[in-house]
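# Notes for the structure review
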Amino acid sequence: MKRSVLTRYRVMAYVTGVLLILLCLGMIAKYLLDMGGAADFTQVVSIAHGWLYVIYLVVAFDLGSKAKWPVKKQLWVLLAGTVPTAAFFVERRISRELDAKVAETEPAVAA
């Protein structure tokens, strides 16, 4: 497996996680704090998160298929983008696990 596959997943996991946290904060501002402008912010962030989550799904599925994960693990990673902050923890765990596999498949560079 190439390092670029893991890097794409890591980037999308962070982007999805940040947007989901921003969306939660926007919802709190909109419904609990009744702040002006929160509705527009929430709308923009929710649309961005929705589209980028689809990209996250594609990238995570690609990573899982190349890593030959079982279906349960694949679903666990795919759903991490729907729970606030879960994407960060899952990304960290997956990155630690796959760094060894990526290092094995990369050719040694002679100096």
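This is a predicted model, so every value here is computed, not measured.

### Description of the UniProt feature "transmembrane region" (unreviewed entry) in the protein
Per the UniProt entry, the sites bearing "transmembrane region" (unreviewed entry) are residues 12-32 and 44-63 in this numbering. As annotated, residues 12-32 has a helix share of 100% and a strand share of 0%, and its two end C-alpha atoms lie 29 Å apart.

### A short note on the packing of aromatic side chains
The final tally for this structure, using the stated rule, is three aromatic pairs. An angle of 35° between the planes, with centres 6.0 Å apart, marks the rings of Tyr-9 and Tyr-56 as tilted. You can see Tyr-9 sitting in helix α1 (residues 3-32) and its partner Tyr-56 sitting in helix α2 (residues 38-67), a full 47 residues away along the chain. Among the residues examined, Tyr-9 registers a relative accessible area of 0% and is labelled buried. Ring plane angle 25° and centroid distance 5.8 Å describe the contact between Tyr-53 and Tyr-56, whose orientation is recorded as stacked.

### Quick notes on the UniProt feature "domain: DUF3817" (unreviewed entry) in the protein
Those places that UniProt annotates as "domain: DUF3817" (unreviewed entry) correspond, in this numbering, to residues 6-96. Secondary structure content for residues 6-96 is 85% helix and 0% strand, while the C-alpha to C-alpha distance between its ends is 11 Å.

### Focus: the environment of Asp-40
Turning to its location among the elements, Asp-40 is positioned in helix α2. Along the primary structure Asp-40 and Gly-26 are separated by 14 residues, whereas in three dimensions their C-alpha atoms are 9.2 Å apart.

### Brief notes about the pattern of salt bridges
The full count for this structure, using the stated rule, is five salt bridges. Here Asp-62 ties to Arg-8 by a salt bridge, and the two come within 3.5 Å at their closest N and O atoms. In this pair, Asp-62 is assigned in helix α2 and Arg-8 in helix α1, connecting sequence segments 54 residues apart. We classify Asp-62 as partly exposed; its relative accessible area is 22%. For Arg-8, a relative accessible area of 40% translates into the label partly exposed.

Calculation rules
Residues numbered from 1 in each chain as written. Predicted model: local features only at pLDDT ≥ 70, side-chain atom pairs only at ≥ 80, totals over all residues. Heavy atoms only, no water. UniProt positions renumbered as here; feature names shortened; annotations may be inferred. Helix = DSSP H or I, 4+ residues; strand = E, 2+ residues; numbered from the N terminus. Phe/Tyr/Trp six-rings, centres within 6.5 Å; stacked < 30°, edge-to-face > 60°. Buried < 20%, exposed > 50% of the residue type's maximum accessible area, 1.4 Å probe, protein only. Salt bridge = Lys/Arg side-chain N within 4 Å of Asp/Glu carboxyl O.

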